[in-house]
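What follows is each chain in one-letter form.
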Amino acid sequence: MKSKKQKAAPKPATASAPTQAPTPGLRAWHVGLGLALALGAAMLVYGPALNGPFVFDDIYLPFFSPRFAEAPLPVAIHGTRPFLLFSFWINSKLAGAEPFLYHWFNVLFHVLNAFLVFLIARRLFEWSGGEGRSKEWPAAFAGALFLLHPVQTEAVSYVTSRSENLSVLFLLSAVAIFVYRKRTAVSWPVVLAILILYAAAASTKEHTAVLPAVLLLVDYFWNPGFSFSGIRRNWRLYVPITVGAVLALAYVFDILRQAVTAGFGMKELPWNHYFYTQWRVLWIYIRLFLFPVGQNADWAHGTVRTPFDPVALAGLIGLIGLVGAALWYRKRYPVASFGILCALLLFAPTSSVVPIEDVVAERRMYLPMLGLSLAAAELLRRWPARPGVRAGAAAVVLVLLGAACYNRNQVWSSDRLLWEDVLKKSPWNARARGHLGVAYFKEGRCQEAAVQFETLAKGQRPEARAFVNWALALDCLGRPEEAIAKLQEAVAITPESNIYAQLAMLYGKQGKTEVAYQAIEKALELDPRNDMAYFYRGNLRSLQGDYARAADDYRQALAVNPDNEPARRGLARVLGRSKGP
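Everything quoted here is computed from the prediction, not taken from an experiment. (Residues numbered from 1 in each chain as written. Predicted model: local features only at pLDDT ≥ 70, side-chain atom pairs only at ≥ 80, totals over all residues. Heavy atoms only, no water.)

Caption draft 1: Spotlight on the overall build of the chain. Each helix and strand counted, the chain has 28 helices and zero strands in total. Reported as C-alpha extents along the three principal axes, the dimensions of the chain are approximately 95 × 50 × 40 Å. Going through the 581 residues of the chain one by one, you find that 52% of them count as buried. If the 61 positive side-chain charges of the chain are averaged to one point and the 41 negative ones to another, these points end up 14 Å apart. (Helix = DSSP H or I, 4+ residues; strand = E, 2+ residues; numbered from the N terminus. Buried < 20%, exposed > 50% of the residue type's maximum accessible area, 1.4 Å probe, protein only. Lys, Arg positive; Asp, Glu negative; His and termini not counted. Charge placed at Lys NZ, Arg CZ, Asp CG, Glu CD.)

Caption draft 2: The state of the cysteines, seen in detail. Tallied over the full model, the rule gives one disulfide. Cys446 shares a disulfide with Cys476; S-S distance 1.8 Å. The sign of the S-S torsion, about 60 degrees, decides the handedness of the disulfide formed by Cys446 and Cys476: right-handed. Residue Cys446 is located in helix α21 (residues 446–457), and its partner Cys476 is located in helix α22 (residues 464–476); the two are separated by 30 residues in the primary sequence. (Disulfide = S-S within 2.5 Å.)

Caption draft 3: Representation of the layout of surface pockets. Looking at the second largest pocket, its volume works out to about 670 Å³. Going through the elements one at a time, α1 (28–45), α6 (99–127) and α7 (133–148) are the ones with two or more residues in the lining of the second largest pocket. In terms of residue count, α1 provides more of the lining of the second largest pocket than any other element does, nine residues in total. Taken together, the residues of the lining of the second largest pocket sort by class into 18 nonpolar, three polar and one charged. (1 Å grid on protein atoms, 1.4 Å probe; cavity = no way out; pocket = protein on both sides within 12 Å on 5 of 7 lines; lining within 4 Å. Points joined across faces, edges and corners; volume = space filled by probe spheres on them. Nonpolar A, V, L, I, M, F, W, Y, C, P; charged D, E, K, R; others polar.)

Caption draft 4: Molecular detail of the pattern of salt bridges. Under the counting rule described, the total for this entry stands at 29 salt bridges. Among the salt bridges present, the one from Arg382 reaches Glu378, with a minimum N-O distance of 3.6 Å. A residue is classified by how much of its surface remains accessible, and Glu378, at 0% relative accessible area, is buried. Note that Arg537 and Asp553 form a salt bridge whose closest N and O atoms lie 3.0 Å from each other. Here Arg537, found in helix α26 (residues 531–543), pairs with Asp553, found in helix α27 (residues 547–560); they are 16 residues apart in sequence, far enough to count as distant. Here Arg537 matches Asp553 in class, with each residue buried. (Salt bridge = Lys/Arg side-chain N within 4 Å of Asp/Glu carboxyl O.)

Caption draft 5: Just the packing of aromatic side chains, in detail. What the rule picks out here adds up to 32 aromatic pairs. Ring geometry for Phe86 against Trp89: centres 6.3 Å apart, planes inclined by 20 degrees, an arrangement best described as stacked. With Phe86 and Trp89 both in helix α5 (residues 82–95), this residue pair falls three residues apart, about one helical turn. Phe86 sits in the partly exposed class, given a relative accessible area of 34%. In this structure an aromatic cluster arises from ring pairing among Trp127, Tyr220, Phe221, Trp222, Phe226, Phe228 and Phe338. The ring of Phe178 has Arg181 sitting right over it, with the charged end atom 4.2 Å from the ring centre. Arg330 extends its terminal NZ or CZ atom over the ring of Phe226, reaching a point 5.5 Å from the ring centre. (Phe/Tyr/Trp six-rings, centres within 6.5 Å; stacked < 30°, edge-to-face > 60°. Lys NZ or Arg CZ within 6 Å of the ring centre and 35° of its normal.)

Caption draft 6: Fine view of the packing of α6 against α7. As a packed pair, α6 and α7 sit with axes 8 Å apart at the nearest point and diverge in direction by 150 degrees. Classed by the angle they form, the pair α6 and α7 counts as roughly antiparallel. Where α6 crosses over α7, the handedness of that crossing is right-handed. Across the interface between the two elements, His110, Val111, Asn113, Ala114, Val117, Phe118, Ala121, Arg122, Phe125 and Glu126 from α6 touch Lys135, Glu136, Pro138, Ala139, Ala140, Ala142, Gly143, Phe146 and Leu147 from α7. Here the residues of the contact of α6 with α7 are counted per class, giving 12 nonpolar, three polar and four charged. (Axes fitted to C-alpha atoms, helices over the stretch in contact; angles between N-to-C directions. Parallel < 35°, antiparallel > 145°, perpendicular 65-115°, else oblique. Left-handed = near helix turned anticlockwise from the far one by under 90°. Contact = heavy atoms within 4.5 Å.)

Caption draft 7: Main features of the packing of α6 against helix α9 (residues 162–179). Relative orientation of the contacting elements α6 and α9 amounts to 25 degrees, with a least axis distance of 9 Å. Comparing their axes, α9 and α6 come out roughly parallel. Here the hand of the crossing between α6 and α9 comes out left-handed. Across from Tyr102, Phe105, Asn106, Phe109, Leu112, Asn113, Leu116, Val117, Ile120, Arg123, Leu124 and Trp127 in α6, the residues of α9 making contact are Arg162, Asn165, Leu166, Val168, Leu169, Leu172, Ser173, Val175, Ala176 and Val179. Of the residues assigned to the contact of α6 with α9, the class counts are 16 nonpolar, four polar and two charged.

Caption draft 8: Highlighting the nonpolar core. Counting residues in each nonpolar core, the largest one holds 108 residues, and the members touching the most others are Leu124, Phe178, Leu215, Leu237, Phe338 and Met365. The dominant element in this core, judged by the number of residues it contributes, is α6, at 15 residues. Beyond its immediate chain neighbours, meaning those up to four positions away, Phe178 contacts Val186, Ile194, Leu215, Val218, Asp219, Asn234, Leu237 and Tyr238. With 60 residues, the next largest nonpolar core counts Phe453, Val468, Ile499 and Met505 among its residues. (Core = buried A, V, L, I, M, F, W, Y, C linked by side-chain atoms within 4.5 Å.)

Caption draft 9: Layout of the side chain of Asp421. For Asp421, the location among the structural elements is in helix α19 (residues 415–425). Asp421 gets classed as buried once you look at its relative accessible area, which sits at 14%. Within the structure, Asp421 has its side chain in polar contact with the side chain of Lys425 (distance 3.1 Å). Ignoring anything within four residues of it in the chain, the contact list for Asp421 reads Gln295, Arg408 and Val411. (Polar contact = N/O pair within 3.5 Å; in protein donor to acceptor, adjacent residues only side chain to side chain.)

See below:
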């Protein structure tokens, strides 16, 4: 006779506890075929960006340093997000800094996440009374929706956003293990697996610290059904994972103390203003899920400074109503209700009280898409139409979303296309205009770059950087005197070391050696660790035949910045010349 702790869970009904055995009917060839189809679909819709270059802030990722791939693994992954760094380290070992494999890894993680969403949805629909096809096709729809929705593009096609899809891979794996456990009360091996995945997720991106709340919500809804008894029964999971959550939150707050673009130290964006703003922003996310038009890589959304802003207040009332409806209909539409509450929980780390400089970012929808996909699949499943009509409607929706995803990936296939799209939708966005100018400059379209930088420089609040970039574009156009004049205007705004170094470079190109040296001395006076100032001085001395002192300058530049490749090449050049024929 089995003890009370060993008793197998009963067969699930409308909302019930986990079954004793894994859900039958899913065979190995089903899994293989489904993954192959999902990978093929993902490669198709993500194709434009998959074959594209690195974009936006990708150039600041660690693998652009030559030392990264050469570093021992413990050194390479030392940092705040070790699993993320480990994935980049593997990429750099396999492909250096060639973008295709980095994009391909992101797509692969995305496909695996979509498959996990399918598995989780399948289990939840079974617990809600679904059998046979009534649980398979809505689960497949949820997975396909997660896979093909165009709002996922930023989290997948933007290599910097790998922290999103890799951390979510760990989180969804933990949820899948939890819902496919063999007994109502979790075993110690299941607890250990979930804790390991939780640690991996939280150390890849901090927003996944919310996992315990998701597991609690699952237990409340289905163990045995709208009751806290299952939560008490699973004490062996919730005690250690609560400790883990406390540690994770301490870890997050430690990171936020050091962060520049997030955290409570942002004086221009206090937590309460950010909180009021998110009452609006959450409805932007919901609208993008329902009608994915007007997507933007840089929303430049304003900040709400009062809780009495009419739009923000309406948003808050709407959110309260949404939560109330989910709780009211939890027994009638359990998966949809769970999905709505789950999505709001998963939005919470980035859309509540912790300020983040960019108040809207589409990549933040990636994690909550689990709940949104579940809710949409449940509503489609409950639609009182003939099966053929529902299947046709689902197919049409997925085809349209796939086409939209493909089009969105065309935008993400180059820096120029990306920032042209942003500026078209947000003409006032100064950051987008600056990035577009840089994109034109990199493509050798210097006249178009100059137009963008001139517009910025003549704006209401011009910054020195706009004049510097304008000067570089003018120099590219063969107008060095005008370029120097713009750099002098930049110095008048902000006398920075880098601007003087740029002045030295232009003076040197014109043969004004003495003035160039003076600019370099000023640059080093302002910042003795300006590696490019040493590099430019090395160039001047090399042109004068002073190879020994030029070599010293190049060495100094490399001592400050070992990744300064121009200085490395300059050193090799002067050393070769100093040896003679």
